[in-house]
Amino acid sequence: EAQVTQNPRYLITVTGKKLTVTCSQNMNHEYMSWYRQDPGLGLRQIYYSMNVEVTDKGDVPEGYKVSRKEKRNFPLILESPSPNQTSLYFCASSFGVPADEQYFGPGTRLTVT
Amino acid sequence: TQLLEQSPQFLSIQEGENLTVYCNSSSVFSSLQWYRQEPGEGPVLLVTVVTGGEVKKLKRLTFQFGDARKDSSLHITAAQPGDTGLYLCAGVRFGGDDKIIFGKGTRLHILP
């Protein structure tokens, strides 16, 4: 089954404790992206990757890191999480350009206390 | 600055009624997409429109891309409770970078 998986689905952590949210897709997609979704602000792009070893900042990259060492994986790293990073995070992938259909993961609800 | 403005933000109507949701911008987009998101899940693509003036139909849903490719609308005929959800428009700006921009969404609730 074609899908985007994210782990964990739910995470409660404390300020400053490094964490990684994993994202994996099995569709051989080149384009992968991370978003955060907040009430009243909608979906905002954090980082995106056009291909392996190619990453670029989205609209809200501060406080986040990503890597794309393999085509299928695109982890999101929070080196020192803060309460303002409490949010619902989505990973997405598409075949080529972002105008292609994006397939979204199920989401990761992160709470930073 | 919100590049894609969606209206209304919230809409609650009775089953069987018709409705239209709008997605507007001052920017030109090479394409616009509509997604639907249900609670606890990621957005799912409904349609992509790429040509100015294009109209696409998906059962009771009709999508239109403005002639100038700055706006789009989603019209639902005879709404059903299963249409309930968050509707998001998203676009890639013409001549811009590879970033996709999402509107804030329209939360639709169809009352049985």
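The rules behind each value
Residues numbered from 1 in each chain as written. Chains lettered and ligands numbered in written order. Predicted model: local features only at pLDDT ≥ 70, side-chain atom pairs only at ≥ 80, totals over all residues. Heavy atoms only, no water. Buried < 20%, exposed > 50% of the residue type's maximum accessible area, 1.4 Å probe, protein only. Helix = DSSP H or I, 4+ residues; strand = E, 2+ residues; numbered from the N terminus. Pairing = 2+ DSSP bridges. Salt bridge = Lys/Arg side-chain N within 4 Å of Asp/Glu carboxyl O. Contact = heavy atoms within 4.5 Å. Polar contact = N/O pair within 3.5 Å; in protein donor to acceptor, adjacent residues only side chain to side chain. Buried area = accessible area lost by both parts, 1.4 Å probe. Phe/Tyr/Trp six-rings, centres within 6.5 Å; stacked < 30°, edge-to-face > 60°.

## Details of the pairing of strand E4 (residues 29–37) of chain B
All names here are of chain B. Here E4 lies mainly inside the structure; seven of its nine residues are buried. Sheet topology note: the E4/strand E9 (residues 85–93) ladder contains eight bridges and is antiparallel. When the bridges of E9 are listed, serine 31 appears paired with valine 92. Pairing between E4 and strand E5 (residues 44–49): five bridges, direction antiparallel. Counted as the bridge partner of glutamine 33 is threonine 48 from E5. Between the antiparallel neighbours E4 and E5 lie six residues, among them glycine 40 with a positive phi of about 80°.

## Observations concerning the sheet that holds strand E1 (residues 4–7) of chain A
Residues and elements named next belong to chain A. Spatially, four strands are ordered E1-E3-E8-E7 in an open sheet, and the strand pairing comes out antiparallel. Unpaired on one side and paired on the other, E1 and strand E7 (65–66) mark the two borders of the sheet. As defined by bridge partners, E1 adjoins strand E3 (residues 19–25) across four bridges and the pair is classed as antiparallel. Residue pairing across strands places valine 4 opposite glutamine 25, the latter belonging to E3.

## Re the pattern of salt bridges
Applying the stated criterion across every chain, the model contains seven salt bridges over all chains. Put simply, Lys18, Lys65 and Glu79 of chain A are held in one network by salt bridges that share partners.

## Brief notes about the environment of serine 33 of chain A
All names here are of chain A. Tracing the chain through its elements places serine 33 in strand E4 (residues 31–38). Once residues lying within four places of it in the same chain are set aside, the contact partners of serine 33 are Gln45, Tyr47, Tyr48, Phe74, Phe90, Cys91, Ala92 and Gln102. A distance of 2.8 Å separates the side chain of serine 33 from the side chain of glutamine 45, its partner in a polar contact. For serine 33, the side chain forms a polar contact with the main-chain oxygen of tyrosine 47, separated by 3.4 Å.

## Focus: the interface of chain A and chain B
Quite often, the size of an interface is put as the accessible area lost when its parts meet. Contact with chain A, which involves 23 residues of that partner, is made by 18 residues of chain B. Summing both partners gives a buried area of about 1600 Å² for chain A against chain B, and 54% of it is carried by carbon and sulfur. Along the contact surface separating chain A from chain B lie zero salt bridges. Between the two partners, chain A and chain B, sit four residue pairs in polar contact (both at pLDDT 80 or more). For the side of chain A that touches chain B, the secondary structure elements donating two or more residues are E4 and strand E5 (42–51) of chain A. For the side of chain A that touches chain B, the leading source of residues is E5 of chain A, giving five residues.

## Quick word on the packing of aromatic side chains
Taken as a whole, this structure holds nine aromatic pairs over all chains when the rule is applied. Ring geometry for tyrosine 35 of chain A against phenylalanine 104 of chain A: centres 5.6 Å apart, planes inclined by 40°, an arrangement best described as tilted. Taken together, the residues tyrosine 35 of chain A in strand E4 and phenylalanine 104 of chain A in strand E10 (residues 103–104) connect sequence positions 69 residues apart. Between tyrosine 35 of chain A and phenylalanine 102 of chain B, the aromatic rings sit 5.4 Å apart at their centres with planes inclined by 85°, giving edge-to-face as the arrangement. Linking tyrosine 35 of chain A in strand E4 with phenylalanine 102 of chain B in strand E10 (residues 100–102), this pair reaches from one chain into another. The burial state of tyrosine 35 of chain A is the same as that of phenylalanine 102 of chain B; both residues are buried.

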